[in-house]
Amino acid sequence: MGGCASKDAKQPKEDELGKSETMVDAAVLEKLEGGFQKLKSSDSKSLLNKYLSQETFDNLKTKKTSFGSTLLDVVQSGFENHDSGVGLYAPDAEAYTVFADLFDPVIEDYHFGFKKTDKHPPKNWGDVNVFGNLDPNNEFVVSTRVRCGRSMEGYPFNPCLTEEQYKEMEEKVSSTLSGLEGELKGTFYPLTGMSKDVQQKLIDDHFLFKEGDRFLQAANACRFWPSGRGIFHNDAKTFLVWCNEEDHLRIISMQMGGDLGEVYRRLVTAVNDIEKRVPFSHNDRLGFLTFCPTNLGTTVRASVHIKVPKLAANKAKLEEVAAKYNLQVRGTRGEHTEAEGGVYDISNKRRMGLTEFDAVKEMYDGIAEIIKIEKEL
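Engineer: How should I be thinking about unusual backbone geometry in this particular structure?
Structural biologist: Comment: phi is negative for the bulk of residues other than glycine, and the bulk of peptide bonds are trans. Looking along the chain, the bond that leaves Trp 225 and enters Pro 226 is cis, with omega of 0°. Assignment of secondary structure puts Pro 226 in the loop between α10 (214–218) and β3 (230–234). Notably, Asn 220 is not glycine yet its phi reads approximately 70°, a positive angle. Tracing the backbone shows Asn 220 in the loop between α10 and β3. On the basis of relative accessible area, Asn 220 is assigned to the buried category, the value being 8%.

See below:
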């Protein structure tokens with residue numbers, strides 16, 4: 001298991017940091033050495049395997065963050081799952097700095113050349129009235145959603161959280177969300193003690209997240225389940241917030257059809273409202289901080305479920321248009337799934353080095369182009 005210290009552990013002072021870094025215990029070092037050897041002798045295509053050289057490994061294996069996180073907390077998911085695409089997580093916000101020699105090249109590779117000398121731009125949602133309805137006649141776009149992730153300041157990420165902290169955070173989140181008004185007004189459902197009926201209803205609506213997948217399990221992200229986990233949705237079911245699934249908060253706006261403008265405006269209103277009440281973890285260089293390095297920066301993923309039968313028959317053409325606008329094409333149910341009934345999940349891929357507005361605009365422009373080509377075929 002990972003080496004996160006409990007919340008009660010004394011935070012080291014600046015001059016003590018050097019000392020605390022060498023205090024990684026022997027059992028953790030042994031696991032690191034064993035896991036590293038296995039990874040290196042595997043045919044893993046993960047970014048972890050690509051960038052964790054012997055030299056980087058030796059430099060980082062004795063380091064610790066002030067939360068008590070070690071290199072093992074960062075890499076254990078990728079050590080256990082050699083089929084990971086990425087293979088590393090940040091156990092706390094500080095890990096991005098302490099283990100920068102590993103995180104920086106992975107971030108640069110995943111986020112289209114975002115170098116360690118680059119700085120993510122300040123938050124900017126832009127003019128929320130620019131986007132309209134991508135598919136006013138409802139011919140192609142089944143549904144549209146925009147989501148972002150947020151971490152609460154002053155708390156580590158999943159592997160280091162105590163059960164008390166999970167509960168404390170859930171309390172803060174539910175009381176914050178109960179203050180939302182207008183179309184955002186809704187109900188918070190804690191997972192603890194949730195009745196089977198409510199649970200089934202939320203699963204049927206594709207709202208409820210299940211206990212973490214094996215990648216999250218291996219990253220030690222599912223402890224004390226279901227303590228401190230919950231889900232909020234508004235009455236119209238077009239706005240929801242996940243509490244303590246992968247990230248502290250996942251804020252999601254969605255609806256049937258192609259009106260990206262409406263979905264985006266709702267999200268921006270909600271995020272700005274929540275931000276006034278809950279301070280979020282932010283880093284000048286990396287933007288908003290999240291558990292997984294693929295979601296850093298804007299943390300924004302704007303996506304549509306779209307039916308394009310003619311383009312689907314010409315997958316190369318679809319991929320070509322997608323690449324031009326930095327879009328990611330996935331199957332209907334997300335990563336590693338097939339397109340059911342010719343419905344694809346298409347989203348923006350870039351989350352760093354551009355503003356929130358620009359990330360959504362890439363998706364908007366790309367989908368408009370895809371629809372235009374589909375009509376011409």
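Engineer: Looking at this model, I keep getting lost on helix α13 (residues 315–324). Mind explaining?
Structural biologist: Quick reminder: α-helices carry 3.6 residues per turn. Residues three or four places apart thus point the same way. Taken as a whole, α13 has its buried residues at Leu 318, Val 321 and Ala 322. Projected down its long axis, α13 carries its buried residues within an arc of 100°, all on one side. Opposite the buried face of α13, at more than 90 degrees from it, the exposed residues are Ala 316, Glu 320, Ala 323 and Lys 324. On the buried face of α13, the contacting elements are α12 (309–312), β9 (327–330), β10 (343–348) and α14 (356–376). Of the residues flanking the end of α13, it is Asn 326, one or two places downstream, whose phi is positive at about 55°.

The rules behind each value
- Along every chain, residues carry numbers that run from 1 in the direction the sequence is written.
- Local features in a predicted model are, by the rule used here, given only for residues with pLDDT of at least 70; side-chain atom pairs are given and counted only at 80 or more, and totals for whole chains, interfaces and linings are based on all residues.
- Note: side-chain values were computed over all heavy atoms of the structure, leaving out hydrogens and water.
- Secondary structure is summarised from DSSP: a helix means a run of H or I of at least four residues, a strand means a run of E of at least two, and numbering begins at the N terminus for each.
- Throughout, exposure labels follow a simple rule: accessible area from a 1.4 Å probe, protein chains only, divided by the maximum for the residue type, with under 20% read as buried, over 50% as exposed, and the rest as partly exposed.
- Think of the arc as the fan of directions from the helix axis to the C-beta atoms.
- Any two residues having at least one pair of non-hydrogen atoms within 4.5 Å are treated as being in contact.

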